[in-house]
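Read off the chains here:
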Amino acid sequence: MSVPMLKIGAVLSTMAMVTNWMSQTLPSLVGLNGTIISSEGTHERIVSGLYPGSEEGWQVYSTASDPDGRCMCTVVAPARNLCKRDPRSRQLRSLTEQVQNVSQSMEVVDLRTSRDLQYVRDSEPLLRGVDGRLHTYVASPRSLTARSLQELKGQMSQLRPLLSVVEQYRLDLQTLATLRMELLNLSIVLTAIQEEIGAYDYEELQQRVLLLETRLHSCMNKLGCGRLTAVSNPITVRASGSRFGSWMTDAMIPSSDSRVWSMDGYYKGRRVLEYRTMGDFTKGQNFVQHLLPHPWAGTGHVVYNGSLYYNKHQSNILVQYHFRSRSVLLQRSLSGAGYNNTFPYSWGGSSDIDLMADETGLWAVYTSIPNAGNIMVSRLDPHSLEVLHSWDTGFPKRSAGEAFMICGTLYVTNSHLAGAKVHFAYHTNTSTYEYTDIPFHNQYSHISMMDYNPRERALYTWNNGHQVLYNVTLFHVIRSDG
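Keep in mind the model is a prediction, meaning the values are calculated, not measured. (Residues numbered from 1 in each chain as written. Predicted model: local features only at pLDDT ≥ 70, side-chain atom pairs only at ≥ 80, totals over all residues. Heavy atoms only, no water.)

**Concerning the packing of aromatic side chains**
- Using the criterion set out here, one finds 16 aromatic pairs in the structure.
- Centroid distance F244 to W347: 5.5 Å. Interplanar angle 15°. Geometry classified as stacked. Taken together, the residues F244 in the loop between strand 6 (235–239) and strand 7 (245–249) and W347 in the loop between strand 14 (327–333) and strand 15 (354–358) connect sequence positions 103 residues apart. Taken individually, F244 and W347 each receive the classification buried, so the pair is uniform in this respect.
- Aromatic side chains F440 and Y470 sit 5.7 Å apart centroid to centroid with 80° between the ring planes, which places their arrangement in the edge-to-face category. In this pair, F440 sits in the loop between strand 22 (432–439) and strand 23 (447–453) while Y470 sits in strand 25 (residues 466–478), placing the two residues 30 residues apart along the sequence. (Phe/Tyr/Trp six-rings, centres within 6.5 Å; stacked < 30°, edge-to-face > 60°. Helix = DSSP H or I, 4+ residues; strand = E, 2+ residues; numbered from the N terminus. Buried < 20%, exposed > 50% of the residue type's maximum accessible area, 1.4 Å probe, protein only.)

This is the structure in structure tokens:
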């Protein structure tokens, strides 16, 4: 009896969670309700977000609309525990716990009853013997001797434990009456929930969810690149390490790699910590250490397709270190690039060469004496580290706080200190630039690393010993099918 009750509770809980998610979230997807979802400003944009949580992981959502303002596509991956905060979900969890408690109580009563019943059955011959003797003595009182009376007392003392068994039966009857009332109340609540959920059964709801997920994946494939229009408030993930450093996840698209890497310091460092997940990084647990054969310079490192790309100390040599094989796969000089604080960012720290990745591939940001210290952007072949194409942005690197690439556009901040903003953008697809005014909150007042991750559409920063994330808002153009 307990097992079916548990199954009913689990199934109903699952049905209600799925229904709640569909009723509140799915109508907004793929234009089902015609509503444009955008929290601020114009609707012609894509909004990407990350939600931190030690158990929930990091989730991404995006919304988009066409130039006419119609909702064309919405991609939503709610946090795994989002439904747990819904009142109906709490009611269902409470209901499930009640079902489990009732089931456990019934199991206890059942076990005790079986045990006591066996005891009664074992005592039955003794009861019959005592009953027969009593009938004999009643019919013939003269037959009752001192010896037979003593024997009868012994038999009665053996039957005395039956009194406690009978008393337990009486208590169990009260327990069963209470359980009966609880089951009646549960039945009423289940009926109300069933009426609220509607006529859909679990299998039908599951099929609808799978169908909508297929449509969502198709919609997601149409989301292309966009232009940066806003940076969110900072999300502090962890406080660890020194004032300078870098941390990152794999920037390769697509990738299911959930590892996080941390590299503390900017001068002659060799130790890379690899965490299994973002949750592990947040808690500082479940990590392994890589000891690089060559020390690094600066904080402009990037992980791309399972390899770490970094600038070798006191040189303009780029190094590709493969994590799985723990070996250097490739070294190549970035011809003409300054190093050893020749052309760093405004904060110094041997940040002459900054490697990064976006939706379009692997990049190097640096400068040289021939181009008068202006920022150079070079597209790199990740397999050979050969420069495929270079652009002179005309922006002096020493005036830049940090820089990052999004969709082939280089964005430059005007400072690494408080009050910084995204001040300059260079578009490699058109070889043009523009001055921008995109503020962001520099919470800890000293950014020594800022990189964009195209998988999560977020900015990773190392800010005065704090590992911080920023969500980004992109003006979005939807690719049409012919």
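**Remarks on the sheet that holds strand 9 (residues 267–275)**
- With respect to topology, four strands assemble into an open sheet ordered 7-8-9-10, the strand pairing being antiparallel. Looking along the sheet, the strands with just one partner apiece sit at the ends: strand 7 and strand 10 (287–297). Averaged over all pairs of adjacent strands, the angle between their axes in this sheet comes to 20°, without regard to strand direction.
- In this sheet, strand 10 lies alongside strand 9 in antiparallel orientation, the contact comprising seven bridges. Its bridge partner being in strand 10, Y267 is matched across the sheet by A297. (Pairing = 2+ DSSP bridges. Axes fitted to C-alpha atoms, helices over the stretch in contact; angles between N-to-C directions.)

**Things to note about the side chain of S448**
- Locating S448 in the fold gives a position in strand 23.
- Within the structure, the side chain of S448 is placed 3.5 Å from the backbone nitrogen of G245, a separation counted as a polar contact.
- Beyond its immediate sequence surroundings of up to four residues, S448 is in contact with R243, F244, G245, T299, W347, E402 and W462. (Polar contact = N/O pair within 3.5 Å; in protein donor to acceptor, adjacent residues only side chain to side chain. Contact = heavy atoms within 4.5 Å.)

**Quick notes on the nonpolar core**
- Counting residues in each nonpolar core, the largest one holds 20 residues, and the members touching the most others are L228, F404, I406, F440 and L459.
- Elements supplying a minimum of two residues to this core: strand 5 (223–231), strand 19 (403–406), strand 21 (421–427), strand 23 and strand 25.
- Those residues in contact with L459 that lie beyond four places of it in its chain are V231, F404, M450, D451, Y452, V468, L469, Y470 and V472. (Core = buried A, V, L, I, M, F, W, Y, C linked by side-chain atoms within 4.5 Å.)

**Considering helix 3 (residues 146–159)**
- When the terminal C-alpha atoms of helix 3 are compared, their 20 Å separation across 14 residues agrees well with the 20 Å that a helix rising 1.5 Å per residue should span.
- Taken residue by residue, helix 3 has S148, L152, Q155 and L159 as its buried positions. The buried residues of helix 3 occupy an angular sector of 60° when projected down its axis, which confines them to one face. Exposed positions of helix 3 whose direction lies more than 90 degrees from the buried face are A146, R147, Q150 and K153. (Expected span 1.5 Å × (residues − 1). Arc of directions from axis to C-beta.)

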